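Spelled out, the chains give:
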Amino acid sequence: MRIDVVTIFPEYLQALDVSLIGKARREGLLDIRIHDLRDHTSDRHRTVDDTPYGGGAGMVMKPEPWALALEAIAASAADADDADGARPVLLVPTPSGTLFRQSVAQELAGADHLVVACGRYEGIDERLFEWAAELFEVRLVSLGDYVLNGGEVAALAMIEAVGRLVPGVVGNPESLVEESHSDGLLEYPVYTKPSSWRERDVPEILLSGDHGRIAAWRHDQQLARTRARRPDLLPPESTVPGDKTVSDL
Ligand SMILES: COC(=O)COc1cccc(COC(=O)c2cn[nH]c2)c1
C-alpha cells in the first residue's frame, strides 16, 4: 500500500519511522511519502492560508496549494493507480467527518493508495474537496468528538490503524483476530507473570488449561466490559434464543 501524507508540519510524521510501521516501510510493505504543502506555493512567504469569507476568527487554508500538491501525487501514481482502475482514497481527518472505526480501518486497508490531507487553522476551502472528487474517492473522517489543532495527530492514528491491517505488517496475524472492536465488543482483560503480584492473583480459570472454559470466561468478560463502558456497541436487545417476541406472535 502506498500512503502519501500532505502537511505543513512534515516533522510531525516522523513517528511513522518507528516500530512496526517503520519496519514495514523499510521492508517496502508500506510506501509512505510525506509532502510539505508549502512546496506547492509560489509566493515568497510560501502562503497556505488566508482570511475566511463571511468573517469569523482564524484562517482558512487556500485551495490552490492543496490542488497542486494532490495533482502532483496523482500524477506520480497514475500508472500504479490506473493499473487496478481504482481512484486513490483522499482521507481527510476532520472534526466534521464520519466516525473512524475499526470497520473503516478494515475497509481502507483494502485500498492500494491512500492520500492523507492534514488540515490546519479553521480548515481547508470546501471547494478543494469538490474539485478533488474528480481524482480521488474523498473521505472526511473524524477520530472522535473533539478538536485538534490539525490533522497530523489524527493522521498518525489512522495510518497506524490501517497500516497494521496490511498483510505482513504485524508479525502474527493471529493477534489481529482477537482485538477490541474486531468482533464488535471490547477486549477481555489480559494477565502475565507473576501469577500473584502485590497480593493480587490472576483469575484461577486462566491457569486451568481448560481452553473451552477460558474462551467462555473471556467472552463473558468482553460482554461485561462492553455493557459497563460502551453499551452503545451492544446489539439492540436481542431475544433470548427460543423466546417469541411480540412481533413474532
Ligand atoms: C474539512 O476538513 C478540514 O478542513 C480539515 O481541517 C482541519 C482543521 C483543524 C483541525 C483538523 C484536525 O482534525 C481534528 O481536529 C479531528 C479529527 N478527528 N477529530 C478531530 C482538521
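Counting of residues starts from 1 at the beginning of each chain's written sequence and follows it residue by residue. With the structure being a predicted model, the display of local features is reserved for residues of pLDDT at least 70 and the display and counting of side-chain atom pairs for 80 or more, all residues being used for whole-chain, interface and lining totals. Note that water and hydrogens are dropped before the side-chain values are worked out from all heavy atoms of the structure.

### Focus: the domain arrangement of the protein
Phase 1 of the analysis: By domain assignment, the protein separates into domain 1 (2-163) and domain 2 (183-248).
Phase 2 of the analysis: The centre of domain 1, based on its C-alpha atoms, is set 38 Å off from the matching centre of domain 2. For every domain, the bounds stem from an assignment made automatically or drawn from a database.

### A few points about the site of the ligand
Phase 1 of the analysis: Taken together, the neighbourhood of the ligand is formed by 19 residues, with Ile124, Leu143, Gly144, Tyr146 and Leu148 sitting nearest.
Phase 2 of the analysis: The contact in question runs from a nitrogen atom of the ligand to an N or O atom on the side chain of Ser142, over 3.5 Å.
Phase 3 of the analysis: Any N or O atom pair separated by 3.5 Å or less is treated as a polar contact, with the protein-specific requirement of one donor-capable and one acceptor-capable atom, and with residues adjacent in sequence counted only for side-chain atom pairs. Here an oxygen atom of the ligand sits 2.8 Å away from a polar atom, N or O, in the main chain of Leu148.
Phase 4 of the analysis: Summarising the interface, the protein chains cover 95% of the accessible area of the ligand, which totals 500 Å² for the free molecule.
Phase 5 of the analysis: Strands are runs of DSSP state E lasting at least two residues, helices are runs of H or I lasting at least four, and both sets are numbered from the N terminus onward. It is strand 5 (residues 89-99) that provides the largest number of residues to the shell around the ligand, a total of 4 residues.
Phase 6 of the analysis: We call Asp, Glu, Lys and Arg charged. Ala, Val, Leu, Ile, Met, Phe, Trp, Tyr, Cys and Pro are nonpolar, and the rest, Gly among them, are polar. Partitioning the shell around the ligand into residue classes produces 11 nonpolar, 7 polar and 1 charged. For this purpose, a residue is taken to be near a molecule or strand whenever a single non-hydrogen atom of the residue falls within 4 Å of it. Here the Shrake-Rupley method, with its probe set to 1.4 Å, supplies the accessible areas, and only the displayed protein chains count as covering residues.

### Some thoughts on the pattern of salt bridges
Phase 1 of the analysis: Take a side-chain nitrogen of Lys or Arg and a carboxyl oxygen of Asp or Glu: if they are within 4 Å of each other, that pair is a salt bridge. Using the criterion set out here, one finds 10 salt bridges in the structure.
Phase 2 of the analysis: A salt bridge links Arg2 to Asp4, with the nearest nitrogen and oxygen atoms 2.6 Å apart.
Phase 3 of the analysis: Each residue gets one of three labels from its accessible area relative to the maximum for its type: buried under 20%, exposed over 50%, partly exposed in between, using a 1.4 Å probe on protein chains only. Owing to a relative accessible area of 0%, Asp4 belongs among the buried residues under this scheme.
Phase 4 of the analysis: Beyond isolated ion pairs, a larger network of salt bridges with shared partners links Glu107, Glu137 and Arg139.

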